[in-house]
Amino acid sequence: MAQISDPKIAFAYLRPACVLLTKEPTVTNVETLSAQLKEVNDATLQQLQEYVLFPLRFVLKVPGSKKDKLVQAVAETMSQVLENTCVQKLCLCLCSPTDPGKPADTSEELKSAVLRCLDALLHAAYGDIVFKLFEPIMLPGLGAAISLLLALGEKTKSRGIQAAALKCLQALTLQCDCTQEHIVPSSEERCAIGSTMASFLPGITTAVARIITGDLRQGHAVTVRAIKVWSRTVGLVMEDAQLQASEPGKTPSPDLGRIGQLVVRRTQDWVKSTAGKLSVLLKKIISCTSAHQHWRVRLEMVELDDHLLARCSQSLGECVGPLLEALVGAVNDEELRVRKSKSSSSAQTFTDVLSENLHSLATSLPRLMRTSDDQKKLFVLNVFLGYLKVLGPLVSVVLNSAAHLQRISKALMQVLELDVMDVRIVEERSYAAIIETNSDSHDSHTAHIQRKHFLYFTDEKILSVLMEICRTLGYYGNIYLLTDHFLDLYQQSSAYRKQAAMVLNEIVKGAAGIAVATEAQGLECHIRGYSATQEDLKVAVVSVMEEYTSLKNWHLITVSEETERDRQDQQRLLLCPPLSEIMIPSSFASASPSSSTSTIHQLNSNIWQLCIQLEGIACFAHALGGDFRPLLMTSLYPVLEKAGEETLLVSQAALASMWDISKACGYPSLKELINENSDYLLNDISVNLQRLSQHPQAPRVLTVMLTHSDCSLLPLVGDIVQDVLMALDLSYDHTAALFCSVLHALMKALARWFPSSCGKTSKSAGPKQTTVHKEVFNIRQFLLDYRKEKELAEGIGIEEDDTEDLEVPPPTECEDVEDICGPDVKAELPSHLSITKDVMERCIHLLSDPSLMLRLKVLDVLELCVCVLSEKENELLPMAHRCWPALLQRLTADDPLAVLRAFRVLCTLGETCGDFLRRRVSKEILPKLRSSLARQAPISAKAGPVYTHTLAYKLQLAVLQGLGSLCQRLDLGEADLDAVCEACLPYLSCRQPIRLQEASLSVFQHLIQVDPDTFWFTLNELHCPSSYIPPHPDLQPVQLNGMGRPRDEYSDNVLKLLREEFGSVAESINQPVG
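Residues numbered from 1 in each chain as written. Predicted model: local features only at pLDDT ≥ 70, side-chain atom pairs only at ≥ 80, totals over all residues. Heavy atoms only, no water.

As named in an unreviewed UniProt entry, the protein is TELO2 interacting protein 1, taken from Dicentrarchus labrax.

Colleague: Please clarify how the overall build of the protein should be interpreted in this entry.
Modeller: Counting its regular elements, the protein contains 50 helices and zero strands. Expressed as a percentage of the 1074 residues in the protein, the buried residues total 51%. A separation of at least 24 residues holds for 78% of the contacts in the protein among residues at least 6 apart in sequence. About 51,100 Å² of surface is accessible on the protein, with carbon and sulfur atoms providing 54% of the total. (Helix = DSSP H or I, 4+ residues; strand = E, 2+ residues; numbered from the N terminus. Buried < 20%, exposed > 50% of the residue type's maximum accessible area, 1.4 Å probe, protein only. Contact = heavy atoms within 4.5 Å. Areas by Shrake-Rupley, 256 points an atom, 1.4 Å probe, with all protein chains shown as cover.)

Colleague: Quick question: what am I supposed to make of unusual backbone geometry here?
Modeller: Phi is mostly negative for residues that are not glycine, and the peptide bonds are mostly trans. The residue leucine 174 is not glycine, and still its phi comes out positive at about 55°. Among the secondary structure elements, leucine 174 is positioned in the loop between helix 8 (159–172) and helix 9 (187–198). We note that aspartate 971 has phi near 55°; this positive angle belongs to a residue other than glycine. Along the polypeptide, aspartate 971 turns up in the loop between helix 45 (951–970) and helix 46 (974–984).

Colleague: Hey, could you run me through the pattern of salt bridges in this one?
Modeller: Where charged atoms from two side chains of opposite charge come close, those side chains can pair. Per the counting criterion, the structure on display carries 22 salt bridges. Taking the shortest distance from any N to any O, the salt bridge between lysine 642 and glutamate 645 comes out at 3.6 Å. Here arginine 787 ties to glutamate 791 by a salt bridge, and the two come within 3.2 Å at their closest N and O atoms. Of the two residues, arginine 787 and glutamate 791 are both situated in helix 37 (residues 779–794); the distance of four residues between them amounts to about one turn of the helix. You can call glutamate 791 partly exposed: its relative accessible area is 26%. The network of salt bridges with shared partners includes Lys642, Glu645, Glu646 and Arg700. (Salt bridge = Lys/Arg side-chain N within 4 Å of Asp/Glu carboxyl O.)

Colleague: What should I look at first to understand the packing of helix 1 (residues 7–23) against helix 2 (residues 27–37) in this one?
Modeller: For any two helices packed against each other, the geometry comes down to the angle between their axes and how far apart the axes lie. As a packed pair, helix 1 and helix 2 sit with axes 9 Å apart at the nearest point and diverge in direction by 160°. Here helix 1 is positioned roughly antiparallel relative to helix 2, judged by the angle of their axes. The handedness of the crossing between helix 1 and helix 2 comes out as left-handed. Together, Tyr13, Leu14, Ala17, Cys18, Leu20 and Leu21 of helix 1 and Asn29, Val30, Leu33, Gln36 and Leu37 of helix 2 make up the contact between the two elements. (Axes fitted to C-alpha atoms, helices over the stretch in contact; angles between N-to-C directions. Parallel < 35°, antiparallel > 145°, perpendicular 65-115°, else oblique. Left-handed = near helix turned anticlockwise from the far one by under 90°.)

Colleague: Would you explain a nonpolar patch on the surface in this entry?
Modeller: Taken together, Ile779, Phe782, Leu783 and Leu1035 make up a surface patch of nonpolar side chains, about 360 Å² in accessible area. With respect to the helices and strands, the residue leucine 1035 is situated in the loop between helix 48 (1012–1022) and helix 49 (1051–1062). The class for leucine 1035 is partly exposed, based on a relative accessible area of 38%. (Patch = residues over 30% accessible without salt bridge, like charges linked within 9 Å, V, L, I, M, F, W, Y side chains within 5 Å.)

Colleague: Looking at this structure, I do not really get the confidence of the model for the protein. What am I missing?
Modeller: Caution applies to low-pLDDT parts of the model: their predicted coordinates are not meant to be read in detail. Per-chain confidence: the protein averages 79 in pLDDT, with 82% of residues scoring 70 or above. Taken as a whole, residues 88–95 scores under 50 in pLDDT and shows 15 contacts with residues more than four places along the chain or in a different chain. Taken as a whole, residues 562–597 scores under 50 in pLDDT and shows 54 contacts with residues more than four places along the chain or in a different chain. (pLDDT = per-residue confidence, 0-100.)

Colleague: Explain the side chain of glutamine 36 to me, please; I cannot follow it from the model alone.
Modeller: Structurally, glutamine 36 is set in helix 2. Once residues lying within four places of it in the same chain are set aside, the contact partners of glutamine 36 are Tyr13, Leu14 and Ala17.

Colleague: Which parts of the structure should I look at to understand the nonpolar core?
Modeller: As a rule of thumb, nonpolar side chains are buried together in soluble globular proteins. Membership of the largest hydrophobic core comes to 310 residues, with the highest contact counts inside it found for Trp230, Met238, Leu412, Leu466, Ile469, Phe628 and Val839. Among the elements that take part in this core, helix 29 (residues 600–624) stands out by supplying twelve residues, more than any other. Sequence-distant contacts of leucine 412, defined by excluding residues within four places in its chain, comprise Leu466, Ile469, Cys470, Leu473, Phe486 and Val503. (Core = buried A, V, L, I, M, F, W, Y, C linked by side-chain atoms within 4.5 Å.)

Colleague: Mind showing me how you'd approach the state of the cysteines here?
Modeller: Two cysteines joined by a covalent bond between their sulfur atoms form a disulfide. Counted under the stated rule, the structure contains zero disulfides. For the unlinked cysteine cysteine 865, the closest cysteine sulfur is that of cysteine 843, found at 4.7 Å. Note on cysteine 865: relative accessible area 0%, which makes it buried. (Disulfide = S-S within 2.5 Å.)

Colleague: So what exactly am I meant to see when it comes to the packing of aromatic side chains here?
Modeller: Here the distance between the centres and the angle between the planes together describe a pair of aromatic rings. Counted by the stated rule, this structure contains seven aromatic pairs. Relative to phenylalanine 58, the ring of phenylalanine 54 has its centre 6.1 Å away and its plane inclined at 25°; by these criteria the two rings are stacked. Placement of both phenylalanine 54 and phenylalanine 58 in helix 4 (residues 49–61) is noted, with a separation of four residues, approximately one turn of the helix. Note on phenylalanine 454 and phenylalanine 457: the rings are 4.7 Å apart at their centroids and 15° apart in plane angle, and the pair reads as stacked. The pair formed by phenylalanine 454 and phenylalanine 457 is uniform in burial state, with each residue classed as buried. (Phe/Tyr/Trp six-rings, centres within 6.5 Å; stacked < 30°, edge-to-face > 60°.)

Colleague: Can you help me understand helix 14 (residues 295–312) in this one?
Modeller: An α-helical segment advances 3.6 residues per turn. Residues three or four places apart therefore align on the same side. Compared with the 26 Å implied by 1.5 Å per residue over 18 residues, the 25 Å span of helix 14 between its first and last C-alpha is a close match. Where burial is concerned, most of helix 14 is hidden: 13 out of the 18 residues are buried. (Expected span 1.5 Å × (residues − 1).)

Colleague: Is there a simple way to explain the side chain of glutamate 239 in this structure?
Modeller: Mapped onto the elements of the fold, glutamate 239 is located in the loop between helix 11 (220–237) and helix 12 (240–245). Contacts of glutamate 239, omitting those with residues within four sequence positions, involve Arg190, Val234, Arg311 and Cys312.

Colleague: Where do I start with the environment of asparagine 1053 in this structure?
Modeller: Within the element layout of this structure, asparagine 1053 appears in helix 49. Apart from residues no more than four positions distant in its own chain, asparagine 1053 is found in contact with Leu988, Ser989, Gln997 and Leu1001.

Colleague: What is the right way to read the packing of helix 25 (residues 494–511) against helix 26 (residues 534–548) from this model?
Modeller: Two elements in contact, helix 25 and helix 26, have axes whose closest approach is 11 Å; the angle formed by their N-to-C orientations is 160°. Classified by the interaxial angle, the pair formed by helix 25 and helix 26 is roughly antiparallel. Here helix 25 runs over helix 26; the crossing is left-handed. Judged by residue contacts, Ala501, Leu504, Asn505, Val508 and Ala511 of helix 25 engage Leu537, Val541, Val544 and Tyr548 from helix 26. Class assignment for the residues of the contact of helix 25 with helix 26 results in eight nonpolar, one polar and no charged. (Nonpolar A, V, L, I, M, F, W, Y, C, P; charged D, E, K, R; others polar.)

Below, the structure written as structure tokens:
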């Protein structure tokens, strides 16, 4: 339906409703008028505006109480009229009759409707009429309106009403930011508005500040609107342009009477006093909002800072510092939209203030980090970083001030102090920490590196910001000045050493432009104040790295517990050289007199210092890239030293550093890194082995090289191995433990480089592949074979068999050729086998060493030697013969740990030597193993679950797991097999621990492979689930002791063996033997 456009028709249409409403002010009549107004178009309604508003105003003015519903309906209808028309006369009357300036106790719907009506009224005013509101005569009414709106914004619990009241307050000062069209005041009109609003500035700023810093549950929308009101109001009253253009001496007109007392004159004194009071409020607002959870609040604070700095920087002199602090804090905000805000560029014009603020913040930073919560700490550090980024190239100028540099550096030293009291750091050892060459990549072990714990913070975000601060200093600062200053701190005190190293590492990265964010923060100036060249970086890196790897900073005590024998050995080693007074190597830490008093704190501190320095070398490689390659000659050897370190944390850090170095220098893996630089590494090792007392770490470097290289290293390392063996021969009492680790790494590498299957050397020792025949048993053939065996046993027909055996086949052509060629010449052994023989020789001598730990290491080396030599039986068997007496002692008369390890070596020998060991094992080993198993069986059967953690249990388990394969491999005789069977039968009991039962089953599975008939009979004697019917009446029935026995503790395992090794038991029950 088309709207009415003729004023006469519209008047006739609306007149009855207006008259009726005037006579009978009810909700129904108001709603009727509202519905009819929708039928009139805006232009026509503009002409009838006063006529339509009259009955609505009349309803509100009539004395007496009115229902809330009626007032709400009238307000909504007035809003409808005002939103579609313009107001030419403005009459502001918003006060409670009983208590002007305070909101009445009415419903939220009514308050919302009145606020909407007021907002519509303010937006509908046009022309000069709106400025009449800011004339001095209107101050009382305007004050009442502002008080009412502030009360609604602060006291009401409804978020909608709070936001609407604040929006009205913003519209009242002609600073609304909605999408409707607004009047733009001229400079004179703006000055008049500012003068009028100065009267209300204390009340507005105080009340709105309470809203901003109030309950977080009010929601971010209310807080954002309140910040906007505070910002625009202060910017309007304290605007520099207005204060310079206004006439502060002008007195108010005497016609105003008492109203003149409300007029404020913006004199210099007033401005200064007001700025001081606003500064207090501003600091309170910033403290509550700069780290607010919602990004829109933080963004609005950036807008506030920018608005006030741009308009009021002179009048609000006391506020510039806090405003800049909040503004630069937003430069590193986690929300991209806050960081991208271009408002932060305005801070760059206040370089002097920024410099002063940076100094004062650096002064208070340690205190703030000790006393604030993590969120506050993060904000403070973001502010610190923001100052550096906003200053940009001027950072280098600021750092030229000794006071600034000293204050900033000391602040970083105190904030980055590590917590080194965790006992786990010094306890963890790296016996198995060295990762093999084929183990994944860099990511596989950087994930395992323990994170640092700091005294004054725990949040990783805080550490990230601190590291970015250091990188930003390096990016904008003078690299020479910074490295010299922090190296001085590094050298001055051990308390600052770890922190200074962390800062130096990041400064070098920053100087190289690594992980430095500039453009992402929206800063307009990206020019570096001091541009460090690659040569500058290299010089700085060399000086820092020399300090890191010096004797006093690299060879630190990291181990506190060592055996008394090792301690004595090390003392003997360190008696000779004068350097022993200076150097305190990590593996020889106990030689120092003060080592006995080394506390956990000191050891952990040393460990973390080494880790940070190792990280630093990786950072330097990253910064220099390919230019770091020439520095590998001085840096790679120390890193490899630490990769072989006993302390887990240090070895992990060194390994991660090696990966970073290889990546930075363009090596695909650690193998290439070591192989390409092996010449000078091996040269250093060779020289240092000659002076082992001064360079006790040399064997560890060789160990790491062997662990992470390939067989191409073998020709180069051969001479070094001979040097190691010679050094071991000359002073094995002193260096055996040290060199055993090298020999173990060497044999492990040879086993990896030259793999051989340990069971392929002796074909005669291969297991008998006896299969279970499923075809029908031929009784005739069985009897014939039986007769022949019986005759042979009685000596009948043996002559013919002997004659056949003595016939020698004629020699073949190949043999004739070999005879003609002359005597056999023993071929030269491959180098890896020759080295293995030499190592095995030393192991034989060291097997009887008094130190248990050394014997265990030697047994591990011996096992690897056997595996490597297995491909040459002619070399292995003589060596096995030589080592047998010492190995026998370890097996029969040693600590249980050594017995356990020695039995593993025996099993490996059995796999490789076969028949060669049969008689020795049968005569010297089996009786002791049998008696040990028999003695422990009743104990383990009665023991509880704790028994599985004992050494006796582990020994039982190891013997049972290896015994079966050993018997099968050595092809032992019937008597020996019976003895083994007798010893292992008790372990088939269900009362034994599960793993012992499983190991016993494995023994019988191997024994069944050797002699299935015997052990079928043995098992059925123990428990026979079947009855066997003879196929012919003349044959005697089969009677076995296990028949008819009730189920007992052995039944389950016996049935399992019979089922798995001899077919289904169920199929043979009551079946004829045939």
